[in-house]
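Observations on the model geometry
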Amino acid sequence: MTFPGGAVSDESDASRGWSRDDQGTPPDEFGFPVRVWRMVARHRPPGFGRSRLWRSPLRGPWLTSVLGAVLLLGLPPVIITGLLSYAAYGPQFGQAMPPEVGWLRLPPFDWPVRPAWLYRLNQGVHVGLGLVLIPVVLAKLWSVAPKLLSWPPSRSAAQLLERLTLLLLVGGVLFEIVTGVLNIQYDYVFGFSFYTAHYFGAWVFIGAFVVHLVVKVPKMIRVLRSRSLRQMLGTSRAETRPEPVDDDLVAREPSEPTLSRRGALTLVGGGSLLLGALTLGQSVGGFTRPSALLLPRGRDSGEGPNGFPINRTSEAAGITAESTGPTWRLVLLGGPQVIELDLAGLRGMAQHSAKLPIACVEGWSTTQVWSGVRLRDLAILAGVPMPKSAQVKSMEGSGAFNQATLQANQVSDPDSLLALRVNGAELSLDHGYPARVIVPALPGVHNTKWVEMIEFRSR
Ligand SMILES: Nc1nc2c(c(=O)[nH]1)N[C@H]1C(S)=C(S)[C@@H](COP(=O)(O)O)O[C@H]1N2
Ligand SMILES: [Mo]
C-alpha cells in the first residue's frame, strides 16, 4: 500500500505536493485515515524533512555500514553481560531489580563462584564497552540523520513499520545510554528505579535491534563487499566524493568535504579511545584508577589498608560508632537455637584470608585481601551445616542494599567470608565494621556491610 501523494522528502516538494488538495474540495475519495495522514504530513516538526540541510559528502551506505558493523560486533557483548548481571542478582531469590518482570524473566540458574573475577569482568565489559561504543552510536545516528528526520513519517505501510522499529531502536539505545551513564555517576536523577527502567528499556532495544539486523545486515554486507576498504580509507580529503546516489543517505547537493572518511572514522575511534582511557582505570584499578575521570566513585578514597572505593558511607547508611561498639552482636538463625556472637567471639574462631574483588554493578571494581570467618563455619555453628541459602541482614535500617540472600555455593565456598579485616587492618566503619560479607564472584551489592544477622535455611 502506498499513501497517496506521499513521495515527499523535502519541504519544497511538500508544499508542492499538498497544495493541490488544500485548495480544491476535500478529497472525499480517500477515507478518514488518509486525511489524517495528510494533516500529519503538513505539520512538519522543526528540524524534520529538511534533507537539504544534510550535505556532508561522507554520508552514505558505506560509512553507515562500517559503523553498523562495529555496533553489530560490539553491542551483543554489552547486551549479554547486562542480562547476565540481572541473573547474578538472583531473580530466584527475589532480589533482582525489577522484581516482577513477567515472561521477561530469565531462566534461573546458580551464579558461579569461580572464577572469582567473573562478575568483575562481566560488569567491566558491560559498562566499559557500553561507554566506549557511545561515540560509535552517535556517529551512526549522524550518518542516518536525513532518514531518521525525513517527513512525512512514511510513504507506505511497510515504511511506517520500519520507522516505528527505528523509533524503538534509537529511543531504546539513547534511553539505555542516558540511564546507564547517570547511574554510574553519583547522582541518579530520575524519579523511577534505574534497574526497572534499564531492564525494560533493554528489552525494547533488543527487540528493535534484532528486527533491524534482520532487515539491514544483508545490505550492510553487500555494501561492504562492493567497495574496497583500503580504497575507501586511503582516499584523501581532497579526493573524497559522495557515494553514488542510491537512497536517502547520499546528499543530492553535497558540500565540499571537510574531512576524509578515514578522518571521520579516526575521530569516532579517537572519541572511543578517550572514553576508554577515562574509564578503564575503575575496573583495572591500581595506578590507573586516578585516570578514571568519568567515574567519580572511589577515585579519591584515601590511603592505607582501607583506602579503596566506598559505595555507601557509614554516615549515609546511618551507622554510628556507638551502634557498632561493645553492644554489637552477630545473630545466627535457622538452627535449633539462636546463636549470638560478639566481636571477640568471632575473632576467637578460625580465621581465613582470601584475595577477592568487590565488583559493583556500576562497573568499578577493586581487589583486596580480606580476612575473617568462613560463612560455612558460621553455618555449622548455627546448626545448619549444608544450607540451601542464607539471608544476610545489615544493621542499616533502610535502603535497598541492607540485605541479601546467598545461594548454597556462595555460602559453602572456602573463600566466602564474614570479613573482619582487610589488608591486615580492622575494617573501617565505611567498609562495614565490625563485619561484612565477601564472596567470590558475587555482585558487589550483595557483599553486605555492617552485618548483624545471618539466617541459614535448609530448604
Ligand atoms: N549495608 C550495606 N551494604 C552494602 C551496600 C549498602 O548500601 N549497604 N552497598 C553495596 C554495594 S552496591 C557495593 S558495590 C559494595 C561496596 O563495598 P565498599 O563500599 O566496601 O567498597 O558494598 C555493598 N554493601
Ligand atoms: Mo554496588
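Everything numeric in this text was worked out from a predicted model, so none of it was measured.

A few points about the sheet that holds strand β10 (residues 451-457)
The strand order β2-β1-β10-β5-β6 describes an open sheet built from five strands, whose pairing is mixed. Both edges of this open sheet fall to β2 (339-341) and β6 (403-407), since each of them pairs with a single strand only. The mean inter-strand angle of the sheet, taken between neighbouring strand axes irrespective of direction, is 15°. In terms of strand pairing, strand β1 (residues 330-333) meets β10 through three bridges, oriented parallel. In the sheet register, Leu332 faces β10, and the bridge partner there is Ile454. Packing of helix α14 (residues 375-382) onto the sheet brings it into contact with β1, β2, β6 and β10, and relative to β10 it is tilted by some 70°.

Looking at the site of ligand 1
Close contacts around ligand 1 come from 18 residues, with Pro309, Glu396, His431, Arg436 and Lys449 the closest. Within the backbone of Asn311, an N or O atom sits 2.8 Å from an oxygen atom of ligand 1. Coverage of ligand 1 by the protein chains reaches 99% of its 530 Å² of free accessible surface. More than half of the atoms belonging to ligand 1 lie within 2 Å of the grid points that define the largest pocket. Residue composition of the shell around ligand 1, grouped by class: eight nonpolar, six polar and four charged.

Concerning the layout of surface pockets
Put simply, the largest pocket is a space of about 630 Å³. Here the residues of the lining of the largest pocket are counted per class, giving 15 nonpolar, eleven polar and six charged. The residue makeup of the lining of the largest pocket includes at least three contributed by each of domain 1 (51-277) and domain 2 (309-457).

Quick notes on unusual backbone geometry
Of the consecutive residues Met97 and Pro98, the connecting peptide bond is found in the cis state with omega at 0°. On the secondary structure map, Pro98 appears in the loop between α3 (61-88) and α4 (118-132). With an omega dihedral of -10°, the bond running from Arg114 to Pro115 counts as a cis peptide bond. With respect to the helices and strands, Pro115 occurs in the loop between α3 and α4. For Asn423, which is not glycine, the phi torsion reads 50° and is therefore positive.

Comments concerning the pattern of salt bridges
Enumeration over the complete set of coordinates arrives at seven salt bridges. For the salt bridge of Asp413 with Arg114, the shortest nitrogen-to-oxygen distance reads 2.6 Å. You can see Asp413 sitting in the loop between α15 (408-412) and β7 (417-422) and its partner Arg114 sitting in the loop between α3 and α4, a full 299 residues away along the chain. Residue class for Arg114 comes out partly exposed when judged on its relative accessible area of 40%. Here Glu396 ties to Arg312 by a salt bridge, and the two come within 2.1 Å at their closest N and O atoms. Residue Glu396 is found in the loop between β5 (389-394) and β6, and its partner Arg312 is found in the loop between α11 (281-284) and α12 (314-317); the two are separated by 84 residues along the sequence. With relative accessibility at 30%, the residue Arg312 sits in the partly exposed group.

Brief notes about the UniProt feature "transmembrane region" (unreviewed entry) in the chain
What UniProt calls "transmembrane region" (unreviewed entry) maps, in this numbering, to residues 62-89, 124-143, 164-186 and 192-215. In residues 62-89, the share of helix is 96% and the share of strand is 0%. The end C-alpha atoms are 41 Å apart. Its end C-alpha atoms 29 Å apart, residues 124-143 is made of 95% helix and 0% strand.

Structural notes on the UniProt feature "domain: Oxidoreductase molybdopterin-binding" (unreviewed entry) in the chain
Listed under "domain: Oxidoreductase molybdopterin-binding" (unreviewed entry) in the UniProt record, and renumbered for this structure, are residues 326-458. Taken as a whole, residues 326-458 contains 14% helix and 41% strand, while its terminal C-alpha atoms sit 31 Å from one another.

Details of α3
For α3, spanning 28 residues, the distance from its first C-alpha to its last is 40 Å, which sits close to the expected 40 Å at 1.5 Å a residue. If you look at α3, its biggest bend is around 30°, right at Gly74, and the proline Pro76 turns up within four residues after that. With 20 of its 28 residues buried, α3 lies for the most part within the structure. Downstream of α3 by a residue or two, Gly90 has a phi angle that is positive, lying close to 75°.

The rules behind the values
- Residues numbered from 1 in each chain as written.
- Chains lettered and ligands numbered in written order.
- Predicted model: local features only at pLDDT ≥ 70, side-chain atom pairs only at ≥ 80, totals over all residues.
- Heavy atoms only, no water.
- Pairing = 2+ DSSP bridges.
- Helix = DSSP H or I, 4+ residues; strand = E, 2+ residues; numbered from the N terminus.
- Axes fitted to C-alpha atoms, helices over the stretch in contact; angles between N-to-C directions.
- Contact = heavy atoms within 4.5 Å.
- Near = heavy atom within 4 Å.
- Polar contact = N/O pair within 3.5 Å; in protein donor to acceptor, adjacent residues only side chain to side chain.
- Areas by Shrake-Rupley, 256 points an atom, 1.4 Å probe, with all protein chains shown as cover.
- 1 Å grid on protein atoms, 1.4 Å probe; cavity = no way out; pocket = protein on both sides within 12 Å on 5 of 7 lines; lining within 4 Å.
- Sits in = over half its atoms within 2 Å of the grid points.
- Nonpolar A, V, L, I, M, F, W, Y, C, P; charged D, E, K, R; others polar.
- Points joined across faces, edges and corners; volume = space filled by probe spheres on them.
- Domains from an automatic or database assignment.
- Salt bridge = Lys/Arg side-chain N within 4 Å of Asp/Glu carboxyl O.
- Buried < 20%, exposed > 50% of the residue type's maximum accessible area, 1.4 Å probe, protein only.
- UniProt positions renumbered as here; feature names shortened; annotations may be inferred.
- Expected span 1.5 Å × (residues − 1).
- Bend = angle between axes of the 7 residues up to and from the residue.

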